[in-house]
Amino acid sequence: MNDTRNVSKVQVWLTPSQCEFIDFVLFYGASELSKSLRIVHDLALYHSDVPIGVEEKRALFGVRCLGKELKKPL
């Protein structure tokens, strides 16, 4: 009898660009990428004289969220 309790029943198909992104994260390192995104976020938000509108705030929030998610263990 085959024990399949730990086998996922969900099949997820990734696009080539999604695979490329995952390969990049794995190559660069999620922790390092998370740190880099945090620095970019902080530089843009706290150390820039450029006015930040709604679109820019949304983009920075996305950068911050991505950085937090990459920090979580896989």
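Up top you'll find the structure we're talking about.
The rules we used
- Residues numbered from 1 in each chain as written.
- Predicted model: local features only at pLDDT ≥ 70, side-chain atom pairs only at ≥ 80, totals over all residues.
- Heavy atoms only, no water.
- Helix = DSSP H or I, 4+ residues; strand = E, 2+ residues; numbered from the N terminus.
- Expected span 1.5 Å × (residues − 1).
- Patch = residues over 30% accessible without salt bridge, like charges linked within 9 Å, V, L, I, M, F, W, Y side chains within 5 Å.
- Areas by Shrake-Rupley, 256 points an atom, 1.4 Å probe, with all protein chains shown as cover.
- Salt bridge = Lys/Arg side-chain N within 4 Å of Asp/Glu carboxyl O.
- Phe/Tyr/Trp six-rings, centres within 6.5 Å; stacked < 30°, edge-to-face > 60°.
- Axes fitted to C-alpha atoms, helices over the stretch in contact; angles between N-to-C directions.
- Parallel < 35°, antiparallel > 145°, perpendicular 65-115°, else oblique.
- Contact = heavy atoms within 4.5 Å.
- Nonpolar A, V, L, I, M, F, W, Y, C, P; charged D, E, K, R; others polar.
- Buried < 20%, exposed > 50% of the residue type's maximum accessible area, 1.4 Å probe, protein only.
- Arc of directions from axis to C-beta.

Chemist: How should I be thinking about helix α1 (residues 16-28) in this particular structure?
Modeler: Every α-helical turn comprises 3.6 residues, leaving residues that sit three or four positions apart pointing alike. Under the 1.5 Å per step criterion, the end-to-end length of α1 is 18 Å for 13 residues, consistent within 8% with the ideal 18 Å. One or two positions beyond α1, positive phi appears at Gly29, with a value near 105°.

Chemist: Would you explain a nonpolar patch on the surface in this entry?
Modeler: Taken together, Val12, Leu14, Phe21, Ile22, Leu26 and Leu66 make up a surface patch of nonpolar side chains, about 550 Å² in accessible area. When residues of the nonpolar patch are assigned to their parent elements, the largest contribution, 3 residues, is made by α1. Summarising the element assignment, Leu14 is placed in the segment before α1.

Chemist: Would you mind showing me how to read the packing of aromatic side chains here?
Modeler: Given two aromatic rings, their pairing is described by the distance between the two centres and the angle made by the two planes. Tallying each qualifying case throughout the model produces 1 aromatic pair. Centre to centre, the rings of Phe24 and Tyr28 are 5.6 Å apart; their planes meet at 10°, and the pair counts as stacked. With Phe24 and Tyr28 both in helix α1 and 4 residues apart, this pair spans about one turn of that helix.

Chemist: Please explain the packing of α1 against helix α2 (residues 30-46) as it appears in this structure.
Modeler: The description of two packed helices rests on the angle between their axes and on the distance between the axes. α2 packs onto α1 with a crossing angle of 95° between their chain directions and a minimal axis gap of 6 Å. As far as their axial angle goes, α2 and α1 are roughly perpendicular. Every residue of α2 that contacts α1 at Phe24, Val25 and Tyr28 is listed here: Ala30, Glu32, Leu33 and Ser36. Among the residues making up the contact of α1 with α2, the classes are represented as 5 nonpolar, 1 polar and 1 charged.

Chemist: Which parts of the structure should I look at to understand the pattern of salt bridges?
Modeler: If charged atoms from side chains of opposite charge come close, those side chains can pair. What the rule picks out here adds up to 3 salt bridges. Taking the shortest distance from any N to any O, the salt bridge between Arg38 and Asp42 comes out at 3.2 Å. Taken together, the positions of Arg38 and Asp42, both in helix α2 and 4 residues apart, correspond to about one turn of that helix. With its nearest N and O atoms 3.0 Å apart, the salt bridge here joins Lys72 to Glu69.

Chemist: I keep staring at helix α3 (residues 54-71) and nothing clicks. Help me out?
Modeler: Taking 1.5 Å of rise per residue, 18 residues should cover 26 Å, and α3 covers 26 Å from first to last C-alpha, within 8% of that figure. Residues of α3 that are buried include every one of Leu60, Gly67 and Leu70, and no others. Burial along α3 is one-sided: seen end-on, the buried residues are contained in an arc of 90°. Exposed positions of α3 whose direction lies more than 90 degrees from the buried face are Val54, Glu55, Lys57, Arg58 and Phe61.

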